[in-house]
Structures are given as C-alpha cells and as structure tokens.
Number of protein chains: 2
Amino acid sequence: MLFISVGLVACKQTNKSKDSHPFDIATLDDILLPSWNEGSNKEAIIDFVTKTTTKGSAEFIPVADRIACFDNDGTLWSEQPMYFQLAFAIDRVKALAKDHPEWKAKEPFRSLLEGDMQKVLSGGEPALLQLVAASHAGVSTDEFNQNVAHWMKTAKHPTTGKAYYKMVYQPMIELLDYLQANDFKTFVVSGGGVDFMRVWAEKAYHIPSYQIIGSSLKTKYEVGADGIPKLIKLPELNFNDDNTGKPVGIHQHIGKRPVLAFGNSDGDYEMLQWTTTAKGYPRLGLILHHTDAESEWAYDRKSAVGKLDRALNDADKNGWLVVDMKNDWNKIYPRQ
Amino acid sequence: MLFISVGLVACKQTNKSKDSHPFDIATLDDILLPSWNEGSNKEAIIDFVTKTTTKGSAEFIPVADRIACFDNDGTLWSEQPMYFQLAFAIDRVKALAKDHPEWKAKEPFRSLLEGDMQKVLSGGEPALLQLVAASHAGVSTDEFNQNVAHWMKTAKHPTTGKAYYKMVYQPMIELLDYLQANDFKTFVVSGGGVDFMRVWAEKAYHIPSYQIIGSSLKTKYEVGADGIPKLIKLPELNFNDDNTGKPVGIHQHIGKRPVLAFGNSDGDYEMLQWTTTAKGYPRLGLILHHTDAESEWAYDRKSAVGKLDRALNDADKNGWLVVDMKNDWNKIYPRQ
C-alpha cells in the first residue's frame, strides 16, 4: 500500500502544480528571484504573487485575469547609449547606402554616413522617422525578420561588446519566469517596434509572439504573379505604442486591464496609471530606476533616452514601487 | 512492484498529455468531434491534428507554432438574417432615441425607428457606419462592455427565440476544444468588433480575450478630475479586420502565420490564402458552407450577409476543404 500511495502522491503534486505554486514558497523562499537582493521590493513582489494566487485568499485573482505588462527598452533590456532598435536602423542604413547614392547629399542620411550621430539626433523625431522608414519599410515582413535575425547574430554593443540580445536583465528574466510559473500571462508593451522585437523576444523572455505589443508601421497585402502573398511594410506609422498609446494598445490587444505593470520611464506613466487605478483586484505598479553606473548606466530626469521624471515624482503618491537597480539587484546580465 | 508500476504509468500519462494527445486517438476515435458526421472532412481534420502533433512525425509542428484562426460570424455562430452585432446596434439606437429627438428627421435613424430595415440597409456602408458610431462610440470601454453584456442577457433572436450567444455552433466548439486539447492556440479573426466579441466570446469559445482579433474604433485615453482614467470609444474606424485586413490583423496581433484557418465567406479569402500558401509546416484551410435551410440557413453566392462566391470557386484549386453544414454536421447549436 505504501508504494501505491507514493505513486498517487507524486501524481497529485503534478496536477496541483498547474493550479497554484510550482513549489512550496514557504520552504523554498531562498531560491526565488536569486538575482534580487532581499528587501522591501523583493518582498512586495513575492507577497503580491503569493496573495493573488493562493486559493481562498481574499485577494485571489483567477488565472484568466492574471495579466502582467512589461515595458521593454530600459525595463527588460538596456537602452543606452541609444535604443538598440536605433542601432539596428543605423547599421541597416549603412548597409543600404551603396544602393542610395542620393543619401550622401540628404539629411539625416548624410550625417549618419559621416558618423555624426549628434547631428542626426538633432533632427529630432522627423529625422528618426526617416531612418526608420529607410531601414524598416519597403520590404516584406519575412525579409524584415531575416534582416533583424542577421543583425542580432552579428552586431555587438559599442561599450559592452556583447550581442544586443544578451543585454537582457537577468533579474527581469527571473521575474517573468516566476510570474509565468504562477500562471500570469506576461506581455511586453513597448514603444519599440513589434516586428523588431518578435524576432528575438519570444525566446529571450519566454513570451509568445502574440503577447508582444509594440509600435508598428502599416502593412499592405500583395499577391505576386506567382500567387504567393506577401505583407509589405509601408513607410507610414500604424500605431505609436508609447505614453497614452500604451493603455490604448493594451486595450486593443488584450482587452483587459493588467494587474501588474513594470516600466522605467515617463513613457510608461499611463500604462502604470491604467493598471493601478483599476478596481477589483490588487494591482502592482513598478518602476525600474537606473542607478548602477558601474555595471550598467545611471540616468533618470535629464536623460535623452528613457527619461524618468514625472513618473518618479508621482511614484509615492500613486503607490508605485521604485526598484533601485544598484541596491535591489545583485546581477545585471545573464552569464554568457 | 505491480503497484509501483501502475502509479508511475499514471504519472507518465499525465505528463505526456501536455506534450501530445490528451488521450489515445486510435482507441477513442469514436468520441472525437461527436457532432461531426463521419466522412472525408472529419477525417482530414483528425488526420491533420494527429500528424502535426505526433512527435517524430515528419509533419510535426512545435507547440509555439500551432496557431489556428477562425472567422466568427457564420463560422463560429450564426449571422442571419443580419450580423448579430448589427442587431445590437439597432437595439442600442432604439434605446438611445429618447435622448436624440433629431433622429426622427435624420437617415438612417428615421427609417430604423420606423422599423424599415430595408431602407436602412439600402444606405449601404455609410448608413451602417453611422449606426455603429451612434451605438458603439461616445462611451468608455467599460460602459460599452456593460451595454453588450446587458444586451446579451436580454435580447432574443427574431426567428429562433434563443439568446444570441446560444447560437454558437456546437461542432465548432468541439473543434476548438479538440485543437486546444492538442496545444493549438485558437484565435478568433473576425470582421466584427473586437470589443463586442470579447464580452462573451471568451466564455463561449474558451478563448482568452487576447486571442480575439477584430475590427475596432479608435479610442482616446482621458483622465478625469477624480484622477481616474478612461478609454473613450471614438466614432472613427481604427481597423477593418476583413478581406486583406485579416492577414494584416493576424500579422499585427500574432506575428506568425497560422497553420489552420477556418472561414465561411469571401471576406475570409485572404486569411485562407495567407495561411495555406505559407511554407514549412502542413497547413489546413476550411470553408463552412451554409447548406442547412431546415436547421439553420442555406445561402452562399447571392447572400447580402456572408457572401461566399469567389472562395467557393477557388476552394478546390487552393486545396481548401468545403464543410457542408447539412451533411457534415449532425447538430447545430448546443443543447439549452
């Protein structure tokens, strides 16, 4: 009889793990989120997950409503000295320049090809949109995916020398895994391009392509003479998934209000606000504060990339937790 | 020893069911898709699912790529004598008419309030868009959801007398369940409004809100004086998820090409084409042909709603299976 019992108990635990915790949190506390230092922020995260996933808890959230949204640039991976997608756009423009002799006389291409990024960036959003159009449009979605995949394999970050996709944050990967193991659906909600992200983010974050939301260009469906259809990326903005665009994108794509949101800049303000002012369930809003000049970068209110000012001012008032990268984390990037 | 083995075998099967079939198809064949009659279409569906989910099969599809897309109106539920969402719009306009005395003198509202639907529909798309704007816009997303939920609870279909949400097709629910049990992610890809569908479709089809794709109005993020944000639905089309819009919507939302698509009208042509011309994996395209005048409706080439002409002509050439509602199904709606 003992043997039967052992067999049945093993089966029971297998089934149970699908409904609640994958392991006993009380006894295995010390291995949760290992790259997070002990402290009030780590405690608040574990407390939130525990109370919202414990059956019978007054704050229990049914699986179908466990929606957690994460900004990407500066929240799940680094974003300095410029958004990585901009580095891709620049490399792509350089690669295409031989077919575009006219770029030598045309801004912002001219400055870019001469290596004067300061001047390129001084052109503001219109200059950036021209670079995006030249590097992201006029190709099919399949070709674009191949371009991104090739760049990801070959390009290296200028200061760390790492492949860009290796500059994801280890503590955030652990947090995503922890939430996923507790039946939260994790979404990326980024101002970055959705096509750019999906090529690598599905594997990097263990998040399916359809849980990645971002900005996009319009696309056009075309059927060639061979009967084979393509989607062509057009040089026209379809959706800007930033600021108030984030709650709009969350509604369009998910159709439910998240119970957890994690960002790092003022562009995430409305996503945090939309999440934490919703009624019913407990909600958790978090901001990653870049404070580690030694292992990553330290920046906030005055940064051209990832400016964090208004959201930092209002964090306390709104009950958002500010995660201090230097103090709350003991590791930045995954081991090679 | 026998007892241990029994225990372990039971465990093994539990684990195995997550990776491949939930049960042994060879021996339990007769309980699969019970509302589908035996025949080449049912056989083709089961064959497709079996070969694409059997490890070691040359045609195996990894779980992450098992994307199946279904049209809604006329594919998952009925659409006669008019799209059910239009019935909602009409009822909503009637309910709002007391606050809009000017509608008595303004088309298409005047004809609608006088019960002359023929004249309303003769106004074509512009008239319909006016009705959609009046019934779907100018409210917050939360209010809209409540309006739809209330209508679903109270409104009855004019000829069947059923609540509209009970006019989903039992054989299609079985097919969705069968695919879901085999780790396919099932998506709704509808020309209908995504906000309208999400209120009831999540429960009706066992499909999470973020796997429902549809047409939408633009929304605006507004924060009230009380600090509470709302998303307001604007009377302006954001996205038309029909015809070439379906592959565009699938790309925007899912970012992968489906391996299975199921539609019933020419509006699904491009979704089927986009699905079945993709390379790599096996693909399956299906068209539901409404042939059962007794238990549902019989219509195709000349119907104002759910016109099926071009896709029917090209079905053979494109390798799409035509499901004959009268011959392939033995049941239409779920039991009350």
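If you're wondering where the values come from, they're calculated on a predicted model, not measured in any experiment.

K.L.:
Is there a simple way to explain the packing of aromatic side chains in this structure?
P.N.:
Within a pair of aromatic rings, the relevant descriptors are the distance that separates the centres and the angle that separates the planes. A full pass over the atoms with the stated rule returns 38 aromatic pairs over all chains. Where A:Phe196 meets A:Trp200, the ring centres are 6.4 Å apart and the plane angle is 75°; that geometry is what we call edge-to-face. In this pair, A:Phe196 and A:Trp200 are both assigned in helix H10 (residues 194-205), four residues apart and thus about one turn of the helix distant. Owing to a relative accessible area of 7%, A:Trp200 belongs among the buried residues under this scheme. Here the aromatic rings of B:Tyr269 and B:Trp320 are separated by 5.1 Å at their centres, their planes lie at 80°, and the arrangement is edge-to-face. With B:Tyr269 in helix H12 (residues 269-276) and B:Trp320 in the loop between helix H13 (310-318) and strand E8 (321-324), this residue pair connects regions lying 51 residues apart in the sequence.

K.L.:
Would you explain the interface of chain A and chain B in this entry?
P.N.:
Interfaces are often sized by the accessible area lost when the parts come together. Opposite the 41 residues of chain A that make contact, chain B presents 41 residues. Across the chain A to chain B interface the summed buried area is about 3,600 Å²; carbon plus sulfur atoms make up 60%. Considering only the surface of chain A that becomes buried against chain B, A:Tyr210, A:Tyr221 and A:His251 emerge as the three largest contributors, covering 19% of it. Across the chain A-chain B interface, the total number found is four salt bridges.

K.L.:
Can you help me understand the domain arrangement of chain A in this one?
P.N.:
Residues and elements named next belong to chain A. Partitioning chain A into structural domains gives domain 1 (25-80 + 168-328) and domain 2 (84-154). Taking only C-alpha atoms into account, the centre of domain 1 sits 27 Å from that of domain 2. Across the contact, 18 residues belong to domain 1 and 18 residues belong to domain 2. Linking domain 1 with domain 2 are zero salt bridges. Counting across the domain 1 and domain 2 interface gives four residue pairs in polar contact (both at pLDDT 80 or more). By residue class, the composition of the side of domain 1 that touches domain 2 is nine nonpolar, five polar and four charged.

K.L.:
Any chance you could explain the packing of helix H3 (residues 40-53) of chain B against helix H9 (residues 170-181) of chain B here in plain terms?
P.N.:
Axis angle and axis distance: for two packed helices, these are the angle between their axes and the distance between the axes, and together they describe the pair. Residue and element names in this part refer to chain B. It is at 11 Å that the axes of H3 and H9 come closest, and there the two elements cross at 15°. What the angle tells us is that H3 and H9 run roughly parallel. The hand of the H3/H9 crossing is right-handed. For the pair formed by H3 and H9, the contact residues are Ile 45, Ile 46, Val 49 and Thr 50 on the first element and Leu 175, Tyr 178 and Leu 179 on the second. Within the contact of H3 with H9, the residues separate by chemical class into six nonpolar, one polar and no charged.

K.L.:
What am I meant to see in the relation of the copies chain A and chain B here?
P.N.:
Each copy of the chain is related to the other by a rotation around an axis and a translation along that axis. The operation relating chain A to chain B is a screw motion whose rotation component is 180°, with 0.0 Å of axial translation and a residual RMSD of 0.0 Å. Such values leave the two copies arranged in the relation of a two-fold axis. An overlap of 100% is found between the interface residues of chain A and their copies at the interface of chain B, pointing to a shared contact surface.

K.L.:
Just checking my understanding: could you explain the pairing of strand E5 (residues 260-263) of chain A for this structure?
P.N.:
The side chains of a regular strand alternate between the sheet's two faces. Residue and element names in this part refer to chain A. Of the two faces of E5, the one holding Leu 260 and Phe 262 and the one holding Ala 261 and Gly 263 are both buried throughout. In the sheet, strand E1 (residues 67-70) pairs with E5 via three bridges, with the strands oriented parallel. Across the sheet, the residue bridging to Phe 70 is Phe 262, located in E5. The pairing of E5 with strand E6 (residues 284-291) spans four bridges and is parallel. The residue of E6 that forms the bridge with Leu 260 is Leu 284.

K.L.:
Sorry, what's going on with the nonpolar core here?
P.N.:
Most often, soluble globular proteins have nonpolar side chains that are buried together. In terms of nonpolar packing, the biggest core is built from 67 residues, with B:Phe70, B:Leu175 and B:Tyr205 touching the most fellow members. Element by element, the count of residues in this core is highest for helix H4 (residues 84-96) of chain B, at seven residues. Here this core spans two domains, since at least three of its residues come from each of domain 1 (25-80 + 168-328) and domain 2 (84-154) of chain B. Sequence-distant contacts of B:Phe70, that is, excluding residues within four places in its chain, are made with B:Leu76, B:Met172, B:Leu175, B:Leu176, B:Leu179, B:Thr186, B:Phe187, B:Val188, B:Val189, B:Leu260, B:Phe262 and B:Met271. Core analysis: the second largest hydrophobic core is formed by 53 residues, A:Leu33, A:Tyr178, A:Val323 and A:Trp329 among them.

So, how was this worked out
Residues numbered from 1 in each chain as written. Chains lettered and ligands numbered in written order. Predicted model: local features only at pLDDT ≥ 70, side-chain atom pairs only at ≥ 80, totals over all residues. Heavy atoms only, no water. Phe/Tyr/Trp six-rings, centres within 6.5 Å; stacked < 30°, edge-to-face > 60°. Helix = DSSP H or I, 4+ residues; strand = E, 2+ residues; numbered from the N terminus. Buried < 20%, exposed > 50% of the residue type's maximum accessible area, 1.4 Å probe, protein only. Contact = heavy atoms within 4.5 Å. Buried area = accessible area lost by both parts, 1.4 Å probe. Salt bridge = Lys/Arg side-chain N within 4 Å of Asp/Glu carboxyl O. Domains from an automatic or database assignment. Polar contact = N/O pair within 3.5 Å; in protein donor to acceptor, adjacent residues only side chain to side chain. Nonpolar A, V, L, I, M, F, W, Y, C, P; charged D, E, K, R; others polar. Axes fitted to C-alpha atoms, helices over the stretch in contact; angles between N-to-C directions. Parallel < 35°, antiparallel > 145°, perpendicular 65-115°, else oblique. Left-handed = near helix turned anticlockwise from the far one by under 90°. Least-squares fit on C-alpha atoms with pLDDT ≥ 70 in both. Pairing = 2+ DSSP bridges. Core = buried A, V, L, I, M, F, W, Y, C linked by side-chain atoms within 4.5 Å.

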